[in-house]
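Residue-level listing of the chains:
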Amino acid sequence: MGPGPPAAGAGAPPRPLSLVARLSYAVGHFLNDLCASMWFTYLLLYLHSVRAYSSRGAGLLLLLGQVADGLCTPLVGFEADRAAGRCARFGPRKAWHLVGTICVLLSFPFIFSPCLGCRASTPEWVALLYYGPFIVIFQFGWAATQIAHLSLIPELVTNDHEKVELTALRYAFTVVASITVYGAAWLLLHLQGSPHMGSTQDVYDQLGVQDVPVFRNLSLLVVGIGAVFSLLFHLGTREGRRRQVEEPDEHSPLLAPATARPLLLWKHWLREPAFYQVGLLYMSTRLIVNLSQTYMAMYLTYSLNLPKKFIATIPLVMYLSGFLSSFLLKPVNKCIGRNMTYFVGLLVILAFAAWVALADELGVAVYVVAVLLGTGCATILVTSLAMTADLIGPHTVGLLSRSGLGLGTRAEAWDADPLPVSPQHSGAFVYGAMSFSDKVANGLAVMAIQSLHPCSSELCCKACVAFYHWVMVAVTGGVGVAATLALCCLLVWPIRLRSWDPGAQP
């Protein structure tokens, strides 16, 4: 035998990644995680409360971002497939990661900075046109980085245990990223208000144009820290060249014996009631999670009239409570099953909605309701992802299935190995369809809520105090009722493929 590399499936297994290599990979999505936390939590607040744009204008920009994200993710995945044989020296996935990182670094600070060249007399539509291209570039870069990063997992490791370990490390840095954003926001707001005492203290306790430097500096801090970690990723992660010989573990479904269970084509899913049942439940879940995160800062600022430091501390409490409660979900799920676990999470969210609806003032109880919302959102999100995996089950071997990944904490479609696969590998279609619908639905919901804003001539009139109060009730309790109905459908008609006949011709 010559000194060349062994053929696929022959020879000794590759050595496991070193600790340095694993950590280098894990920090490769840190920039995306930092930007995502700031985008969902502070974009509407910054545009409407700090920059004083209309509620409809702010909602339109968020809708643009959601639609761009939904469209860019599958398109970038398709283009990444075509680039699999190029960039051999640098690696096609690292090349896409670099392109995405550069796009994010160059665009994100402009989203949270004043419009260059705009004056007080500049029409609002001009400013919206100014921000639009930066948002689209940011979403393209975010999608490119996301796809490239997770598609590296099957390139770097070979067994399921190592894949799960890399995914766990990546999620650990997602937690660190969210804590970093909220901690930095609290620190910047605290430093900005500390020198101002006496009669001006009340002014600096409320958000306004004086906070433009806070959000600008926060965005610069985010991209600065993220750039350092992206550099560490590129220096410490080495993308191996894909062997040209077909690997049995990747292509085994295409070569499966006749006794193996056939795979579903993507078009079969459109005839499956379970596809729409789980899709409705998943979309309702994402509406609760994303809309509550988006409008929590507005609720704290205008309905509860709390000092602006709470827009950092309350999201942090929500995130930490959700993260800690997620460790209990596995034993709870074993005891009572997926459906009841999801129902328990819904009960917690409905309890939050009832508390908010009945209480005009919360005081220190705001921390309690934050724990309730964080715990409930984590429960229903993780469980809905598990239900989506149950739906796909053994019927497809899609892009996500091959890399051993689920949808992750952000329910990212096309996350994993975007490699050329047979059309039979339709798992990515299921994840992609649900992810696209959830992103567009969230954007449309935000636009609808912003269009109902009662104050047309000022940022927040007397009516907006009650408006954001009932928005929080609606996006948790109202959508929670819809999610309950979707769950009842699953209880009556469990997740099962009915109309597909394995013996039928495609």
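Above this note sits the structure.
All values derive from a computational prediction rather than experimental measurement. (Residues numbered from 1 in each chain as written. Predicted model: local features only at pLDDT ≥ 70, side-chain atom pairs only at ≥ 80, totals over all residues. Heavy atoms only, no water.)

Colleague: Help me understand the state of the cysteines in this model?
Modeller: Disulfide: a covalent bond formed between the sulfur atoms of two cysteine residues. Tallied over the entire structure, the rule returns 1 disulfide. At a sulfur-sulfur separation of 2.0 Å, the disulfide partner of cysteine 115 is cysteine 118. Residue classification places cysteine 118 among the partly exposed residues on the basis of a relative accessible area of 25%. We note that cysteine 489 lacks a disulfide partner, and the nearest cysteine sulfur, in cysteine 488, lies 7.1 Å from it. In this structure cysteine 489 comes out as partly exposed when scored by relative accessible area, which is 31%. (Disulfide = S-S within 2.5 Å. Buried < 20%, exposed > 50% of the residue type's maximum accessible area, 1.4 Å probe, protein only.)

Colleague: Looking at this structure, how should I read the packing of aromatic side chains?
Modeller: For any two aromatic rings, the description comes down to two numbers: the centre-to-centre distance and the angle of the planes. Going through the model one piece at a time under the given rule, you end up with 20 aromatic pairs. Ring geometry for tyrosine 42 against phenylalanine 215: centres 5.9 Å apart, planes inclined by 75°, an arrangement best described as edge-to-face. Taken together, the positions of tyrosine 42 in helix α2 (residues 30–50) and phenylalanine 215 in helix α9 (residues 212–236) put the pair 173 residues apart, joining distant regions of the chain. The exposure classification of tyrosine 42 matches that of phenylalanine 215, with both residues buried. Through successive ring pairs, a cluster of aromatic residues spans Trp39, Tyr42, Tyr46, Phe108, Phe112, Phe138, Tyr182 and Phe215. (Phe/Tyr/Trp six-rings, centres within 6.5 Å; stacked < 30°, edge-to-face > 60°. Helix = DSSP H or I, 4+ residues; strand = E, 2+ residues; numbered from the N terminus.)

Colleague: Would you mind going over the packing of helix α4 (residues 92–111) against α9 with me for this structure?
Modeller: When two helices pack together, you describe them by how their axes are tilted relative to each other and by the distance separating the axes. It is at 10 Å that the axes of α4 and α9 come closest, and there the two elements cross at 165°. The orientation of α4 relative to α9 falls into the category roughly antiparallel. The hand of the α4/α9 crossing is left-handed. Together, Lys94, His97, Leu98, Thr101, Leu105, Phe108 and Pro109 of α4 and Ser219, Leu220, Val222, Val223, Ala227, Ser230, Phe233 and His234 of α9 make up the contact between the two elements. (Axes fitted to C-alpha atoms, helices over the stretch in contact; angles between N-to-C directions. Parallel < 35°, antiparallel > 145°, perpendicular 65-115°, else oblique. Left-handed = near helix turned anticlockwise from the far one by under 90°. Contact = heavy atoms within 4.5 Å.)

Colleague: For this particular structure, what's the right way to read unusual backbone geometry?
Modeller: For residues other than glycine, phi is negative in most cases, and the peptide bonds are mostly trans. Phi is positive for alanine 52, which is not a glycine, with a value near 65°. Relative to the helices and strands, alanine 52 is located in the loop between α2 and α3 (55–82). Look at asparagine 305: it is not a glycine, yet its phi comes out positive at around 55°. Its location among the elements puts asparagine 305 in the loop between α12 (273–303) and α13 (310–325).

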